[in-house]
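# Secondary and tertiary structure notes
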Amino acid sequence: MTSFVLFDADQPEAAPAPERIDPRTTGWQLSGAPDWSVQLRRLRGGLSDGVEVVDLCSGPLTVRILPTRGMGLWQATRDGHTAAWNSPVRRPVHPRHVELGARNGLGWLDGFHELLCRCGLAFNGPPGIDPGAKSPIESQLTLHGRIANLPAHRVEVRIDPAGPGRLSVVGVVEECTLFGPQLRLTSTVSVDVGGTAIHLDDRIENLAGGSTELELLYHINVGPPFLEGGARLLAPAAVVAPRDPRAAEGIEEYDVYLGPTSGYAEQAYFFTLHADGDGQTATLLQNAAGSLGFGVAFNVQELPCFTVWKCTQALADGYVTGLEPGTNFPNFKAFEREQGRVRLLPPGGVHLARLRLDVLTTSSEVAAYAERITALQQGRAPLVHRLPAAGFSPLT
Amino acid sequence: MTSFVLFDADQPEAAPAPERIDPRTTGWQLSGAPDWSVQLRRLRGGLSDGVEVVDLCSGPLTVRILPTRGMGLWQATRDGHTAAWNSPVRRPVHPRHVELGARNGLGWLDGFHELLCRCGLAFNGPPGIDPGAKSPIESQLTLHGRIANLPAHRVEVRIDPAGPGRLSVVGVVEECTLFGPQLRLTSTVSVDVGGTAIHLDDRIENLAGGSTELELLYHINVGPPFLEGGARLLAPAAVVAPRDPRAAEGIEEYDVYLGPTSGYAEQAYFFTLHADGDGQTATLLQNAAGSLGFGVAFNVQELPCFTVWKCTQALADGYVTGLEPGTNFPNFKAFEREQGRVRLLPPGGVHLARLRLDVLTTSSEVAAYAERITALQQGRAPLVHRLPAAGFSPLT
Amino acid sequence: MTSFVLFDADQPEAAPAPERIDPRTTGWQLSGAPDWSVQLRRLRGGLSDGVEVVDLCSGPLTVRILPTRGMGLWQATRDGHTAAWNSPVRRPVHPRHVELGARNGLGWLDGFHELLCRCGLAFNGPPGIDPGAKSPIESQLTLHGRIANLPAHRVEVRIDPAGPGRLSVVGVVEECTLFGPQLRLTSTVSVDVGGTAIHLDDRIENLAGGSTELELLYHINVGPPFLEGGARLLAPAAVVAPRDPRAAEGIEEYDVYLGPTSGYAEQAYFFTLHADGDGQTATLLQNAAGSLGFGVAFNVQELPCFTVWKCTQALADGYVTGLEPGTNFPNFKAFEREQGRVRLLPPGGVHLARLRLDVLTTSSEVAAYAERITALQQGRAPLVHRLPAAGFSPLT
């Protein structure tokens, strides 16, 4: 094992890592593939100016990590197919240009662009005053929380030569304030050299002297070519409920997608999923032909709530669907608290969340992933609610 | 024709342009003047830290463009005279330091400093909740909109050798969000080599899948030595109306300026202007002696509303006047919508606005410009309203 | 005397200073010590990205100045002891990441981290609408004002070879807006070469054409090892008053500190201090054994109000005390105005504030400093109010 610190705000004098970490600059040959690399670069211009991107390349797969945006994942490319979406925001936005309190608390939308972004950590869901907050410091909630707009202060690259070799990018992001929450996210994004899966290993720790609340949701957003008219959502559903009357309208087709539809208003569905004995579950977006897929696997003990966001509006407006595992559903925090879905971390308490993302580019890969979901379903029909769940939120 | 991309957030790997583009670094001799140049630099320190400035020099005239502040124009210098104003803000402010929602929605004033800055694009005028907005994402309006505090993500320099030669700086700024407006401004600032006029060619495009509203106003602000006691506004006025009771007090002298006056409260006047058969019109600020002038010419089909902002307070407080062509008057958006002065752009729809700014430094130049305005007036007396127009706004 | 301009936003073309200013790079030998230096560096990563730090080293003492955070002092180190505190914020936060209006106007807490930070200049104290403000531009107050989150636009290093030699860092910070306050802070931080005291010389000037209000408070924050269970506050108190009922609970032990106490809610005390004939006074935090101390000396004509903030919560939450000389107490501005404690600066008016900070690292130094306070007290018992003063504020 070796490691390179790309930057660390606490160690400004650390020796700089090579600009590009690859077999040539490190002398490390890894058996999985000859063409792996890790590269840090800084965007220039516009709202992206100063945004740092780490391109993590396993050989066949490249995932672009955004330390500046809370260790979100911008996009992942394999075999010429890029899992991402065309957000109207168009490119990664530096947090300094996102005023979360703007737009009636919806300013978060001005920076929403990633394949994967976290919502949390102290709160997520719609904006508003939280009547159950400890103090005025914590009560003015803005859409989906702060973590996606907080930059990592430390980023390290690790190379593990065992087996095919494994490359990891470890970023540390803190959501801390005086007299309020102190939550540290340590996110490890890994690929096996030669591999095609992305492994996300998140550790959230309460650094405060008292207990603190946690809401964590992974907003995983995929557009074309994975999403298209006739694309399907596969998930081992135990229960499905529409978020609101608008979602209830489409409950019969909750797992099928429209093509880009001008004027389409978003629909969101809340799921409880079946899992295996260890809590592992898997969900899949597959295109109409079943030749492309994007898989999201996680553990329901860590992330018991699953939300699907259908936002199949016009291409120009951001045609997209969200597969969203979370500790909670993205409702008002007060409602989630009532339902017992807000975690309480004691001092030093840790919450782990591990996800595996697969970019599937052949029919046989898609079919194999779908079979795994069928096995989890075990032929059990889901309980599908026709009426909305309580706790509507205006935006997922 | 040749061009250099100074930066482009979408093409981070593009070859860098030379630091200074001039006859020596490019090998281009242009017939208009030997000493033309275009130079990009980045300010350092304070609220200006990171602000990019493009100095565009025709030979006799230099205009400083601020890509970081929505392609605003900082100042223009000719023959040792600088058209600009001494805003209390003192120097260009990086948008990241402007919290538009602060100061009861007047936070925009913390960055207001330019010779020319755009107000818009989705809205301008005073802050407040817009009862006619489509959604909460669009309803919380802040003073004069977002565009002046959005940085260009792409800036290109173009050199056209035809005739005397023409230099252009083309910047692209996007005002986009999810579930809201998606407006792209492509601004081309040009000078003829050896010339003394600034040509502004703005193209605003609706990138969204649905129609969207546009409000666009050019806040063109000039202080001493062009503005002084006895300076005059010349404009081919068809109709003049005071904005509010305060402006009505001064309606008899709407076209004459006071010297710096401690405690002076701003006055604003709304104009409808005469134009030639093509819609072209011209307005002029001239100093008391008529030896210096600043001309603003535009097309009333593109910019039918003209506002004059008199702000002849003490020098220390920002002695200035604004000549402000716009698609609308800077009233509450709801009021302007009622008056039919908010443009609706269909998907892909484009609004063009072209302005010519002249820095006039001799009596004969000023007289010639004034004659042109007289010709547009054709001896027709303006209709001057003594009572305020409806739709007061607290700030222009 | 010689000087080096580290940066100046108004003079972008100035010759750059050497990266490190010391005997070797300047050729200046100063008699006080051989190992003095001044160094500018820029932090990288996280919320600190782009923050500039000036390390000013007298030889025995190093103080770290934060031009980017309004010329605040991050920490001071002598003999291996660092005067600072472990704020949950953890490291200096770039102002661009502090949204003052967030958290119900308490967003300032997201960046609060320094040994010394100024609260002001137009206002300090708790957030809220100020009914006595001149206009909406000035009425929406946020916690503790803007100055700590405004970067200096000019920083200069001065070397005076007289006597032992004196090193000064002079930073200029402006809190200015159109139609509102225009206050310029010129802060000079000096050390004698070989010396162990920090001299702060602040000059605040009203640049506006009209008079303007000033509220200025020095939030000087010290944690372990100076603060510990049994540590004491020494001050030549004439009057002591608890801020609120919570502070009143502890009035009998106002000058003694608890160790880190989980769940401790802050207590604040307002003081009027005795001073010598010139107005000079001194206050001291000493550890339990009296072997370490942090002294704060100032002039009561410049800073007549003194507040002590006891915040002896758990170490993880930011165990700290604040010694806070000010022109006012940190109550609502309207209340302070009623009490005649808001200064009015005429046009061109100047307020000076000079402080001396001592990091005391031996028992004899601490004892000598304490003796000076005893001498100022002259045996007069303070008037200690048991009931809260009016004008509570939720946070100091």
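This text gives an overview of the structure that appears in the document. Note that this is a predicted model, so its numbers are computed, not measured.

Before going further, it helps to examine the interface of chain B and chain C. Taken together, the contact pairs 34 residues of chain B with 38 residues of chain C. Together, the buried faces of chain B and chain C total about 2,800 Å²; carbon and sulfur atoms form 50% of this surface. The largest share of the area that chain B buries against chain C comes from Arg44(B), Arg91(B) and Arg103(B), three residues that together contribute 25% of it. Ranked by the residues each element gives to the side of chain B that touches chain C, the list is headed by helix α2 (residues 102–105) of chain B, at four residues. In terms of residue class, the side of chain B that touches chain C is made up of 14 nonpolar, nine polar and eleven charged.

For these two chain copies, the linking operation is a rotation about an axis paired with a shift along it. It takes a turn of 120 degrees to lay chain B on chain C, together with a shift of 0.0 Å along the axis; the resulting RMSD is 0.0 Å. Within this description, the copies of the chain are treated as partners about a three-fold rotation axis. Closest approach to the rotation axis among the C-alpha atoms of chain B is made by Arg96(B), whose C-alpha sits 3.2 Å away. An overlap of only 9% is found between the interface residues of chain B and their copies at the interface of chain C, pointing to separate contact surfaces.

Residue and element names in this part refer to chain C. Strands sit in the order β1-β11-β12-β13-β14-β25-β21-β20-β17 across an open sheet of nine strands; the sheet is antiparallel. Edge strands, defined here as strands with exactly one partner in the open sheet, are β1 (2–8) and β17 (232–234). If you compare each strand with its neighbour and ignore which way they point, the axes differ by 15 degrees on average. Bridge count for strand β12 (residues 166–176) against strand β13 (residues 182–192) is eleven bridges, and the pairing is antiparallel.

Remember that side chains alternate between the two faces of the sheet whenever the strand is regular. Residue and element names in this part refer to chain C. The buried fraction of strand β20 (residues 280–286) is high, at six of seven residues. Relative to β20, β17 runs antiparallel, the two being bridged by three bridges. Within β20, the residue paired with Arg232 across the bridge is Gln286. With seven bridges joining them, β20 and strand β21 (residues 293–299) adopt antiparallel strand pairing. Counterpart to Gln280 in the pairing with β21 is Asn299.

The rules we used
Residues numbered from 1 in each chain as written. Chains lettered and ligands numbered in written order. Predicted model: local features only at pLDDT ≥ 70, side-chain atom pairs only at ≥ 80, totals over all residues. Heavy atoms only, no water. Contact = heavy atoms within 4.5 Å. Buried area = accessible area lost by both parts, 1.4 Å probe. Helix = DSSP H or I, 4+ residues; strand = E, 2+ residues; numbered from the N terminus. Nonpolar A, V, L, I, M, F, W, Y, C, P; charged D, E, K, R; others polar. Least-squares fit on C-alpha atoms with pLDDT ≥ 70 in both. Pairing = 2+ DSSP bridges. Axes fitted to C-alpha atoms, helices over the stretch in contact; angles between N-to-C directions. Buried < 20%, exposed > 50% of the residue type's maximum accessible area, 1.4 Å probe, protein only.

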